[in-house]
Amino acid sequence: PEESLPAIQALMYTLLLAEANPPKDAQGNDKLLLARIDKLVALGAIEQAYALLERAAPDRADLFQRWFDVSLLIGQEQRACEVLRASAHLAPNYAARVFCQARNGDWNDAVITLNSANLLNLVSEPEDQLLIRFLDPDLFAEEPLLITVTDPDPLQFRLMEAIGEPYPTRSLPRGFAHADLRDNIGWKTQLEAAERLARVGALPANRLFGLYLDKKPAASGAIWDRVAAVQKFDAALASEDANEIATTLPAAWSSMKDARLEVSFAQYYGQALKGMPVKSVAGTLAREIRLLSPDYEVAARQGPQDFLAGVATGQPPRKSPNPTRQAIADAFHGAGVPQVWSNRLARGQLGEVVLLAMNSFQLGAAGDLPALKNALATFRAIGLEDTARQAALQVLLLERGY
């Protein structure tokens, strides 16, 4: 699932971006590489997909098509168009060829290619309408677009933007949200896109909070209330007023919970909260936030030595009356890797076992406690101790209830 707990999202990115040889039975095809790229795009990790494609050298049609689409989504299509000028056979379709001829300054060739493609029925009606207006905007300046594009691909999306009829990204796949992060886009739209991407780990916390703190909200309502709460807390931190920090923290945290951005908040502000006194309501909340940050072990040593601290240090109490906590405790005290997964590990199928454990963890987070125990125990057995601890802490503190 795309919206799993952040520790599992982080592990997914590690798998997707790892340098890896193709499977032994790949027989020269790039099926695994293509699957990794497609998953990155689905998650909205467009910049990471672009980097992976650059590393792979997109000199084959299937790779080039993905590189072209991703380039369009991050506004780097000129490089792809220059490659297409020298290697026309890589063009995903005639619409892409026409678009790139125009981008390369070959307007006459673009018109000829489009006319030829129309005669041979090699472009769709929406593509034709968009490309005509792209090639000769003055001719259609006063005329409305005659077709409705309800599910645009990246090229159609960019063409609609180029002719002055941009398509809203909220209803489109997550990767399109990157187009809304540009400086020429309205602040509210930027914020919505950033939250959508940060929710699946596709946008770093510093970029998200850089947008939150960029301007003063001029309105109220869901996202504006969230921005105001974060800004008040950030101002309290800057003032170093302990009472003001304690007063503004709960509202900021509540707003992050509403948006499912708690871990992004912890990553950005965790270090700043380390000085808060533990024996207070705000101090207890600050400790829980820090337990969701990369410094969770330090936070565990500075507060009460409870079950949360035990998980953070890898030594939770062996017994708990709470079933979820007991499943986690069992994973840290002797639970082994399920036999069917052990057999795969013995055959060298480590990546597959990681994926199976991730899927099992998702079931566990939704209430399947044996699956939760098996997943955490497996993570630990194969050297993913940090993932196991952070994932367990997130189950306990985020209360997602998938």
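Only a predicted model underlies this, so the values are computations on that prediction, with no experimental measurement involved.

Enquirer: Before we go on, may I ask you to explain the overall build of the protein in this structure?
Expert: Within the protein, the regular secondary structure consists of 22 helices and zero strands. In terms of principal-axis extent, the alpha carbons of the protein reach across some 75 × 60 × 30 Å. Relative to its 402 residues, the protein shows a buried fraction of 48%. Nonlocal contacts in the protein, meaning residues at least 24 apart in sequence, comprise 55% of its contacts between residues at least 6 apart. Accessible surface, the protein as shown: approximately 19,400 Å² in total, 50% of it carbon and sulfur. Of the side-chain charges in the protein, 40 are positive and 48 negative, and the distance between the mean point of each set is 10 Å.

Enquirer: Is there a simple way to explain unusual backbone geometry in this structure?
Expert: Negative phi values dominate among residues other than glycine, just as trans dominates among peptide bonds. Here the phi dihedral of E240 falls at roughly 60°; this positive angle occurs in a residue that is not glycine. Relative to the elements of secondary structure, E240 occurs in the loop between α12 (222-239) and α13 (242-259). Non-glycine residue R260 carries a positive phi angle of around 55°. Here R260 is to be found in the loop between α13 and α14 (262-269).

Enquirer: It is not clear to me how a nonpolar patch on the surface should be interpreted in this structure. Could you clarify?
Expert: Taken together, the side chains of L119, L120 and L122 make up a nonpolar region of the molecular surface, amounting to roughly 340 Å² of accessible area. Judged by its relative accessible area of 59%, L120 is exposed.

Enquirer: Got a minute to help me understand the packing of aromatic side chains in this structure?
Expert: Here the distance between the centres and the angle between the planes together describe a pair of aromatic rings. Summed over all chains, the structure comprises 17 aromatic pairs. Consider the rings of W107 and F134, whose centres lie 6.2 Å apart with planes at 35°: the pair is tilted. With W107 in helix α7 (residues 107-119) and F134 in helix α8 (residues 125-135), this pair connects stretches of sequence that are 27 residues apart. The exposure class assigned to F134 is buried, which follows from its relative accessible area of 14%. Here Y268 and Y269 contribute two aromatic rings whose centre-to-centre distance is 4.8 Å and whose plane-to-plane angle is 90°, an arrangement assigned as edge-to-face. Under the relative-accessibility criterion, Y269 is labelled buried at 2%.

Quick notes on the rules
- Residues numbered from 1 in each chain as written.
- Predicted model: local features only at pLDDT ≥ 70, side-chain atom pairs only at ≥ 80, totals over all residues.
- Heavy atoms only, no water.
- Helix = DSSP H or I, 4+ residues; strand = E, 2+ residues; numbered from the N terminus.
- Buried < 20%, exposed > 50% of the residue type's maximum accessible area, 1.4 Å probe, protein only.
- Contact = heavy atoms within 4.5 Å.
- Areas by Shrake-Rupley, 256 points an atom, 1.4 Å probe, with all protein chains shown as cover.
- Lys, Arg positive; Asp, Glu negative; His and termini not counted.
- Charge placed at Lys NZ, Arg CZ, Asp CG, Glu CD.
- Patch = residues over 30% accessible without salt bridge, like charges linked within 9 Å, V, L, I, M, F, W, Y side chains within 5 Å.
- Salt bridge = Lys/Arg side-chain N within 4 Å of Asp/Glu carboxyl O.
- Phe/Tyr/Trp six-rings, centres within 6.5 Å; stacked < 30°, edge-to-face > 60°.

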